[in-house]
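Survey of secondary and tertiary structure
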Amino acid sequence: MKNRLTKSVAMLTVFAAVLMGAGCEGGGDKPMETTAVTEKDPDLMETPDFSGLSLEQIQMKYPKLNILPEYEYSDDIDEGDLISQSPEAGTEIYKSDKITVVISSGGKLVEIDDYTNRNIDDAESLIKKQGLELRIIKEENEEVTANCIIKTDPPARSMVEKGTVVTCYVSLGSAEQELLMPDLVGKSIEEATKLAGENGVVLSISYDNESDKEPGTVISQSLDPETPVEADTRVEVVISGETSVNERKTTIVVTFKDEERSGEYQFKYYIDGTLQEDMTEIKELSLTKKIEWEVKGKDIHTYSIVVTYLKNGESGTLYEMEVDFTQDPPKKEHHGTFNSSIFKELKSR
């Protein structure tokens, strides 16, 4: 019993000495150090690196991020590709923060191709695809075939800014040149319309539901081929098939981005190049989310919207679409351009 008591007292003495040593080291005033563990805020993230991606690819890859696109002209970066981003890649941000990406609108200058002797119908879409505006002046010419381009102003190979108006001088043919009715039977609506235009003929189209010929082709015409005609002679043609017997309707919808919605603009609406004067209107974009244009027809028509920034008078094409009413429902295809950055471009000119 005495030995056990002696051992217990010895152990308590050693333990007390250890405690005193730990407490008295450094003067006895130094507290015990502790390490705090901080959890990372789940709403924080590092800005991704968007290098090498287009805007479409960025939005598809990061659908939950608040991506704000801006557009700039660039001679070095291809149209649609990324120029820069802010914040830079690797920057710590909140997931709800806006990330601005600057996208290239391509070079500000474009070269006008040589359209001499080309059909105006073919050249029109190419000119507008370059971001240029088109103006047509028709005049008699003995050397250039009717409906083909004599020259352009500015001339071919000129370097001009996007949005420049290119005037195409289109031949009406010679004043003495005899126009003949072309053979349209067996041609598609598109081929017949183009061929008729080249020969000064305007088509009036009807349909035969009971024809056994290939649908959508011409089965008869009111004037025989090679019959002399005057410019703008109207000729009736009958198309095989049931399509487009009844007039069909569809709606063209153009939605504006939030960052574009400021300023007062004039909107002009064109059908097959003809201004619809009664539809011309002025809109304050901050009060406008989208345009809904109800259109109708039986054949194929092209619809375009031209906008003018009222502060500086600069104009440009916002939208151009071809609608094929021969199909049910009508088939809509972008024809030429949809310039989503037109409002910003017009302000900067």
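Residues numbered from 1 in each chain as written. Predicted model: local features only at pLDDT ≥ 70, side-chain atom pairs only at ≥ 80, totals over all residues. Heavy atoms only, no water.

**What about helix α4 (residues 189–198)?**
Taken together, the buried positions of α4 are occupied by I189, A192 and A196. For α4, the angular spread of the buried residues around the axis is 65 degrees, confining them to a single face. The elements touched by buried residues of α4 are β12 (201–208), β13 (218–221) and β15 (233–240). (Buried < 20%, exposed > 50% of the residue type's maximum accessible area, 1.4 Å probe, protein only. Helix = DSSP H or I, 4+ residues; strand = E, 2+ residues; numbered from the N terminus. Arc of directions from axis to C-beta. Contact = heavy atoms within 4.5 Å.)

**Notes on the pairing of strand β17 (residues 264–271)**
Note that β17 and strand β19 (residues 281–284) share four bridges and pair antiparallel. Counted as the bridge partner of F267 is E281 from β19. With seven bridges joining them, β17 and strand β21 (residues 300–309) adopt antiparallel strand pairing. When the sheet's bridge partners are listed, Y269 is paired in β21 with I305. Bridge count between β17 and strand β18 (residues 274–275): two bridges; the pairing is antiparallel. Along β18, the bridge assignment pairs Y270 with L275. Between the antiparallel neighbours β17 and β18 lie two residues, among them D272 with a positive phi of about 55 degrees. (Pairing = 2+ DSSP bridges.)

**Some words on helix α3 (residues 120–129)**
Looking only at α3, the buried set comprises I120, A123, I127 and K128. The buried residues of α3 occupy an angular sector of 125 degrees when the element is viewed end-on, so they sit on one face. Regarding α3, its N-cap is N119, as a side-chain oxygen of that residue lies 2.8 Å from the backbone nitrogen of D121 further along. Positive phi shows up at G131, right after α3, with a value of about 85 degrees. (Polar contact = N/O pair within 3.5 Å; in protein donor to acceptor, adjacent residues only side chain to side chain.)

**With respect to the packing of aromatic side chains**
One pass over the full model with this rule turns up seven aromatic pairs. With a centroid separation of 4.9 Å and 35 degrees between ring planes, the pair formed by Y265 and Y309 is classed as tilted. A residue pair is termed long-range when its members are at least 10 positions apart, and Y265 in strand β17 and Y309 in strand β21 qualify at 44 residues. The pair Y265 / Y309 is uniform in exposure class, with both members buried. Ring geometry for Y303 and F325: centres 6.4 Å apart, planes at 80 degrees, overall edge-to-face. Taken as a pair, Y303 in strand β21 and F325 in the loop between β22 (314–324) and β23 (331–338) lie far apart in primary sequence, 22 residues in all. Judged on exposure class, the residue Y303 and its partner F325 are both buried. (Phe/Tyr/Trp six-rings, centres within 6.5 Å; stacked < 30°, edge-to-face > 60°.)

**Things to note about the side chain of T152**
Examined against the element boundaries, T152 turns out to sit in strand β8 (residues 149–153). Engagement of the side chain of T152 in a polar contact is seen with the backbone oxygen of P154, the distance being 3.0 Å. Other than its neighbours up to four places away in sequence, T152 contacts I112, Y115, V166, T167 and C168.

**Quick notes on the confidence of the model for the chain**
When pLDDT is averaged along the chain, the result is 81, and 83% of the positions lie at 70 or above. The low-confidence segment residues 22–27 (pLDDT under 50) makes one contact with residues lying over four places distant or belonging to another chain. (pLDDT = per-residue confidence, 0-100.)

**Some remarks on the sheet that holds strand β10 (residues 165–171)**
Strand order across the open sheet formed by three strands is β7-β10-β8, with mixed pairing between neighbours. Of all the strands in the sheet, the pair left with one neighbour each is β7 (133–139) and β8. Mean inter-strand twist for the sheet, computed between neighbouring axes without regard to direction, equals 25 degrees. Judged from the seven bridges that link them, β7 and β10 form a sheet pairing that is parallel. For I136, the partnering residue across the bridge sits in β10 and is C168. Contacting β7, β8 and β10, α3 runs over the sheet at an angle of about 155 degrees to β7. (Axes fitted to C-alpha atoms, helices over the stretch in contact; angles between N-to-C directions.)

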